[in-house]
Amino acid sequence: MDIATLIGILGGFGLVVATIVMGGNAAGFVDPPSLVVVFGGTFASVFIMFPMSVVIGAFKVGMKAFFAKSRDPKAIIDQIVALAETARKESLVALEKATVDDPFLKKGIILVADGSDDVLVRSVMEIEIDFMKKRHYQGQGVFKGMGTMAPAFGMIGTLIGLVNMLSNLSDPDSIGPAMAVALLTTFYGAVMANVMFLPIAKKLEERSMEEALYMEIMLEGVISIQKGEHPSIVKEKLQAFLSPAMRDDT
Amino acid sequence: MDIATLIGILGGFGLVVATIVMGGNAAGFVDPPSLVVVFGGTFASVFIMFPMSVVIGAFKVGMKAFFAKSRDPKAIIDQIVALAETARKESLVALEKATVDDPFLKKGIILVADGSDDVLVRSVMEIEIDFMKKRHYQGQGVFKGMGTMAPAFGMIGTLIGLVNMLSNLSDPDSIGPAMAVALLTTFYGAVMANVMFLPIAKKLEERSMEEALYMEIMLEGVISIQKGEHPSIVKEKLQAFLSPAMRDDT
Amino acid sequence: MDIATLIGILGGFGLVVATIVMGGNAAGFVDPPSLVVVFGGTFASVFIMFPMSVVIGAFKVGMKAFFAKSRDPKAIIDQIVALAETARKESLVALEKATVDDPFLKKGIILVADGSDDVLVRSVMEIEIDFMKKRHYQGQGVFKGMGTMAPAFGMIGTLIGLVNMLSNLSDPDSIGPAMAVALLTTFYGAVMANVMFLPIAKKLEERSMEEALYMEIMLEGVISIQKGEHPSIVKEKLQAFLSPAMRDDT
Amino acid sequence: MDIATLIGILGGFGLVVATIVMGGNAAGFVDPPSLVVVFGGTFASVFIMFPMSVVIGAFKVGMKAFFAKSRDPKAIIDQIVALAETARKESLVALEKATVDDPFLKKGIILVADGSDDVLVRSVMEIEIDFMKKRHYQGQGVFKGMGTMAPAFGMIGTLIGLVNMLSNLSDPDSIGPAMAVALLTTFYGAVMANVMFLPIAKKLEERSMEEALYMEIMLEGVISIQKGEHPSIVKEKLQAFLSPAMRDDT
Amino acid sequence: MDIATLIGILGGFGLVVATIVMGGNAAGFVDPPSLVVVFGGTFASVFIMFPMSVVIGAFKVGMKAFFAKSRDPKAIIDQIVALAETARKESLVALEKATVDDPFLKKGIILVADGSDDVLVRSVMEIEIDFMKKRHYQGQGVFKGMGTMAPAFGMIGTLIGLVNMLSNLSDPDSIGPAMAVALLTTFYGAVMANVMFLPIAKKLEERSMEEALYMEIMLEGVISIQKGEHPSIVKEKLQAFLSPAMRDDT
């Protein structure tokens, strides 16, 4: 559970709602047709932008912004160092029986235990990291696309409202309220983009970078194990991926 | 047939039209000269931007956003694994008689069957992937160009309308309607760019990335076959291109 | 002669002029001082941006958007294949007597005929492609710079007009026409940038990419000839640079 | 202590406050609810954008814009040259006893003294430089994110104010002041972004580049020491990292 | 002396001033406090953005936009060819006595004369080119930063003016002039950014590219001399860096 995302979403919407309520005219900010054109238009354009499967997948990906749990890179390094010790004391083949939870690390370890050559191990693992990044990038793309399109449909809605208002200026008292309604779509678009879509896209990008970091640590570790490097060298090497504050000093 | 594109286009235009109709002034949104200047100007600038052949080709490329069918990368991998089995059981030369539908895979397999060395096979196939990307990028460029130019011509149209209106303020009753008409070109430009051109450019980009992925799978597969790798290794390797959920676990 | 550029420029300006004339106030759109500040300011800033020689060279480069003729890459490939045949049947030295029009291909062929080693041939030809791209990029830069600066000077002109108008509101009848004139510089800037400078910069970019493609085909071809590859292999290799529709199937 | 940052912040805010005071209406620029929605909304969105640990870490990173002290690259080079002399006169093992303050340089020297091979030394040090850059980039990202979001929440606040004002135009005397208040959030957002967040993000980027430069000098120096290069060659090589004016001429 | 920069600056400011004077209200465009907030704010933010030494250095770098003199790449090539002849006829050691004005070329020639191996020569010279580019990039960054910040402070000034004006609408006659003054900061920001800072940043970029080109020619030349290549080959190779029109045909 990523509490920061929840705090941010609740805080952002909370502040906007509080500001509206303090203005004493909350009802004036609710206009279902305006909401439909901005939200619906944003969705429609995402369907044009991405293949169906990507759009559907994006909602699953989007959940990561709320529910992904950060992992401790030190624990990953410790596990790899332990595997390096097993490989040294026993043999590479002995790694086959080791319990490894992470499927990516497991795949690498099994390739090594099977005696695959190091070019194959590296190429299989690198392709997997690359394509993980590409899949995540597509998922972020859906949210970035919504973050671009929401203000655009907000503007389209406001233009429709303005044209309507300007075509019919006969009743001066209606000008202000008509323009207020026209501005609502711009307001909805700005809130959707800046309180939801764009920051979520950024969080997904951060999460993807984090995952790529873990996978790169695993890749370097697996290669080191295959080369038969000493566990203390493996640790030294992998700790370079951590910030100085997180390192064990031995 | 890419149903998502159709849903998106119909949904996007549908919402805009519905919003206009609900405003009770639908006729006020139809102004053929405004439509001509925005659409025509957008087209004219695309002719300046790209060589004639690219502009004409772009419409064919654009059709892909509507009619390209997604392929199943697993089927491609299965076919390559089957070819790897043939090559192992029989010989590389036997591949010549295999039926391969995809012209790119076919070309690679024939090069291998002919006994070309692996540097040549890789270089011919990589050049082809690169230039496929460049050609597609040009096609997307036409739609991106239209997506940039439509709002620009929308603004030019609105400026013409504003200058006309401001030069002649003698009749106050005509100010509102004149400004409404002036805003129409901005409205047309925003709708064209955001409901059509920009999202279609993005879909073409996604389709191109998908095609490049298939071609990279084929390239890696062909190289593996040439190296005489075991079909199970070939499968292992190529599955790294898939998302974990799509993989066969054996 | 690039007819598309001509069609685009005439079409774009034609539509703008037609829209103005239809407004019945064409004289109101002609204001020489406004034209001078936008056009002159744009030019002045280009002189600050680029060295004198680049600015002067850019006009020659800009002509390419109008007069460059597309070449047929198939003809280039055919010529290279013919040269490969000569080299095979006779000798590399025999290439010296071959008639080659293109100066870049000629240079490569002469280097090969002179018996230069392949690292030298590749490095001389690659440096030439790179610097051709850099020179063209600079030329495009002048047009992109004008495309950025024209709207900026348009806005500066409009701000001057607005400040003048607002300082002197005593005669209400003059407000409208004064604002109309103030908007003219914004209008001129938008038209210059979007109907001329930016699309021309894009066409120059496309032409440069095309030329780089031809040069890359020539480079690969020359290297293949030097290696003594069979003409049919040379053809196979070079056709990868073409779109599938343009290839000869043999 | 980075005095330039302090001068800039005080100067920027000072000028804005002075301009407000000179307008004679300073009280009109203080509106706590507006301040809360812009500042709070900006913070909320940063929580959505980044994992909790990064947001918290960013304030520590941000302090660097104020308190980081520039180092003298010449002193670093002198120290490395001295280490190279020790290595030449005594031995690589003798480096173990050298006093080295910088932890990154220390790590490299110890790896060399331990007799690690040069591929390991380079890879450990390069990974550390890369990940230092990535961590810093994330820290800058928080400030860039706030610099983007502050104007967005400024605009959202202004839209709320405008809708409120337009819905209730019955009292003409309140229109001006209501709009003045509505504009305050835009003003707050612009000041926060341009006087604080964006320039601080840039300073952090500059500091990170500086640190990377020092680390690259150390990396090249350590590798040279390991190769046993002559101290004068080491100096020659490392001085290429300095501007000509900073070099010793010997 | 770069005359183009002078022409551009004088031309740009001249046109703006002429347009103002023609408006008959030149005094209305002079408002020292507005000038102070835009110019001062822009400077203040640059101090936050960059370390003190870079800000101070930038003014020296900025002078290059006015005073850098273009060099003739042909003369550089001729000198290198002459050095290649000396090296061939006499020996590499004889190069030590050659008179070379350019300090970068001199450094390379001395390294070669000293018998350094080619990896060292190339690495020392490449590091120097890279860091020259980075230093220049930082200098350009200061001008780009001012070009971004000037319009931002222009907008901040205008917002302050608008809030002041809107808070006090009691005297209708003062509205126009108050808004005129409010717009002045936007006007100052736009002029500073577009007539000075942004075009100067671009010129510095062009000058840096030019210098990098000369240094790359020198690097390739020095390496060729070290390899003992024939002067005519050296010339052939280095002329690839020139545009076809500038080459000697021999």
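Attention now moves to the nonpolar core. Core analysis: the largest hydrophobic core is formed by 229 residues, its most contacted members being Phe187(A), Phe187(B), Phe187(C), Phe187(D) and Phe187(E). Once residues within four sequence positions are removed from consideration, Phe187(B) is found in contact with Ile156(A), Leu159(A), Ile160(A), Val16(B), Ile20(B) and Phe29(B).

For the match of chain D to chain A, the screw axis carries a shift of 0.0 Å, the RMSD comes to 0.0 Å, and the turn is 72°. The operation mapping one copy onto its partner corresponds to a five-fold rotation axis. Closest approach to the rotation axis among the C-alpha atoms of chain D is made by Pro172(D), whose C-alpha sits 11 Å away.

Another aspect to go through is the packing of aromatic side chains. All names here are of chain A. Summed over all chains, the structure comprises 30 aromatic pairs over all chains. Between Phe39 and Phe43, the ring centres sit 5.3 Å apart and the planes meet at 20°, which makes this aromatic pair stacked. Taken together, the residues Phe39 and Phe43, both in helix H2 (residues 32–49) and four residues apart, mark about one turn of the helix. Here Phe43 falls in the partly exposed class, since its relative accessible area comes to 27%.

All names here are of chain D. Position of Asp102 among the secondary structure elements: in the loop between helix H4 (73–89) and helix H5 (103–113). At a separation of 3.0 Å, a polar atom in the side chain of Asp102 contacts the side chain of Arg71. Apart from residues no more than four positions distant in its own chain, Asp102 is found in contact with Arg71 and Met218.

On to the interface of chain D and chain A. Interface size, as often reported, equals the accessible area lost upon joining of the parts. In this assembly, 37 residues from chain D lie in contact with 47 residues from chain A. Summing the contributions of chain D and of chain A, the shared interface buries around 3,700 Å²; its carbon and sulfur component is 76%. Remark: the boundary between chain D and chain A carries one salt bridge. Linking Arg247(A) and Glu128(D) is a salt bridge whose minimum nitrogen-to-oxygen distance equals 2.8 Å. Those elements that provide at least two residues to the side of chain D that touches chain A are helix H2 (32–49), H5 and helix H6 (118–167) of chain D.

Residue and element names in this part refer to chain B. One can find Met63 in helix H3 (residues 52–67). Looking at Met63, the relative accessible area reads 43%, which means it is partly exposed. Taking C-alpha positions, Met63 is 9.8 Å from Met1, a pair spaced 62 residues apart along the chain.

In this view chain B stays clear of chain D, with the nearest C-alpha atoms of the two still 18 Å from each other. Nothing in chain C touches chain D; the tightest C-alpha to C-alpha distance between them is still 18 Å.

The next point concerns the packing of helix H2 (residues 32–49) of chain E against helix H6 (residues 118–167) of chain E. Residue and element names in this part refer to chain E. Two elements in contact, H2 and H6, have axes whose closest approach is 8 Å; the angle formed by their N-to-C orientations is 135°. Relative to H6, the element H2 lies oblique. Relative to H6, H2 is oriented so that their crossing is right-handed. Here Val37, Val38, Gly41, Thr42, Phe43, Ser45, Val46 and Met49 of H2 come into contact with H6, specifically with Val142, Gly145, Met146, Met149, Ala150, Phe153 and Gly154. Each residue belonging to the contact of H2 with H6 can be placed in one class, and the counts come to ten nonpolar, five polar and no charged.

Residues and elements named next belong to chain C. Given a relative accessible area of 13%, Asp102 falls into the buried group. A distance of 2.9 Å separates a polar side-chain atom of Asp102 from the backbone nitrogen of Phe104. Separated by 3.0 Å, the side chain of Asp102 and the backbone nitrogen of Leu105 make a polar contact.

Let us look at the packing of helix H6 (residues 118–167) of chain B against helix H1 (residues 3–22) of chain C. Packed helices, taken two at a time, are described by the angle their axes make and the gap between the axes. At a closest axis distance of 10 Å, the pairing of H6(B) and H1(C) adopts a crossing angle of 25°. Between H6(B) and H1(C), the crossing angle belongs to the class labelled roughly parallel. With respect to the hand of their crossing, H6(B) and H1(C) are arranged in right-handed fashion. Across the interface between the two elements, Phe153(B), Ile156(B) and Ile160(B) from H6(B) touch Val16(C), Thr19(C) and Ile20(C) from H1(C). Within the contact of H6(B) with H1(C), the residues separate by chemical class into five nonpolar, one polar and no charged.

For the structure on display, the rule yields 60 salt bridges over all chains. Lys202(B) is the partner of Glu206(B) in a salt bridge, and the nearest nitrogen-oxygen pair spans 3.9 Å. With Glu206(B) and Lys202(B) both in helix H7 (residues 175–226), this residue pair falls four residues apart, about one helical turn. Taking the relative accessible area as the measure of exposure, Lys202(B) reaches 22% and is therefore partly exposed. Between Lys237(B) and Glu229(B) there is a salt bridge, with the nearest N and O atoms lying 3.3 Å from each other. The exposure class of Lys237(B) is buried, given its relative accessible area of 7%. Several salt bridges converge on common partners, so that one network encompasses Asp2(A), Lys203(A), Arg207(A) and Glu210(A).

In this assembly, 37 residues from chain C lie in contact with 47 residues from chain E. Summing the contributions of chain C and of chain E, the shared interface buries around 3,700 Å²; its carbon and sulfur component is 76%. One can count one salt bridge joining chain C with chain E. Connecting chain C to chain E are nine residue pairs in polar contact (both at pLDDT 80 or more). Mapped onto the side of chain C that touches chain E, the elements with two or more residues apiece are helix H2 (32–49), helix H5 (103–113) and helix H6 (118–167) of chain C. Considering each element in turn, the side of chain C that touches chain E owes the most residues, 21 residues, to H6(C). By residue class, the composition of the side of chain C that touches chain E is 26 nonpolar, seven polar and four charged.

All names here are of chain B. Its 17 residues give helix H4 (residues 73–89) an end-to-end C-alpha distance of 24 Å, which sits within 8% of 24 Å, the value for a rise of 1.5 Å per residue. Elements in contact with the buried residues of H4: helix H5 (103–113), H7 and helix H8 (231–239). The backbone nitrogen of Lys74 has a side-chain oxygen 2.9 Å away, supplied by the residue at the start of H4, namely Asp72.

A cluster of nonpolar side chains, Met1(A), Ile3(A), Leu6(A), Ile7(A), Leu10(A), Met63(A), Phe67(A), Met52(D) and Ile56(D), forms an exposed patch at the surface whose accessible area comes to about 870 Å². Of all the secondary-structure elements, those providing two or more residues to the nonpolar patch are helix H1 (3–22) and helix H3 (52–67) of chain A together with helix H3 (52–67) of chain D. The element best represented in the nonpolar patch is H1(A), accounting for four residues. Structurally, Ile7(A) is set in helix H1.

The rules behind these values
- Residues numbered from 1 in each chain as written.
- Chains lettered and ligands numbered in written order.
- Predicted model: local features only at pLDDT ≥ 70, side-chain atom pairs only at ≥ 80, totals over all residues.
- Heavy atoms only, no water.
- Core = buried A, V, L, I, M, F, W, Y, C linked by side-chain atoms within 4.5 Å.
- Buried < 20%, exposed > 50% of the residue type's maximum accessible area, 1.4 Å probe, protein only.
- Contact = heavy atoms within 4.5 Å.
- Least-squares fit on C-alpha atoms with pLDDT ≥ 70 in both.
- Phe/Tyr/Trp six-rings, centres within 6.5 Å; stacked < 30°, edge-to-face > 60°.
- Helix = DSSP H or I, 4+ residues; strand = E, 2+ residues; numbered from the N terminus.
- Polar contact = N/O pair within 3.5 Å; in protein donor to acceptor, adjacent residues only side chain to side chain.
- Buried area = accessible area lost by both parts, 1.4 Å probe.
- Salt bridge = Lys/Arg side-chain N within 4 Å of Asp/Glu carboxyl O.
- Axes fitted to C-alpha atoms, helices over the stretch in contact; angles between N-to-C directions.
- Parallel < 35°, antiparallel > 145°, perpendicular 65-115°, else oblique.
- Left-handed = near helix turned anticlockwise from the far one by under 90°.
- Nonpolar A, V, L, I, M, F, W, Y, C, P; charged D, E, K, R; others polar.
- Expected span 1.5 Å × (residues − 1).
- Patch = residues over 30% accessible without salt bridge, like charges linked within 9 Å, V, L, I, M, F, W, Y side chains within 5 Å.
- Areas by Shrake-Rupley, 256 points an atom, 1.4 Å probe, with all protein chains shown as cover.

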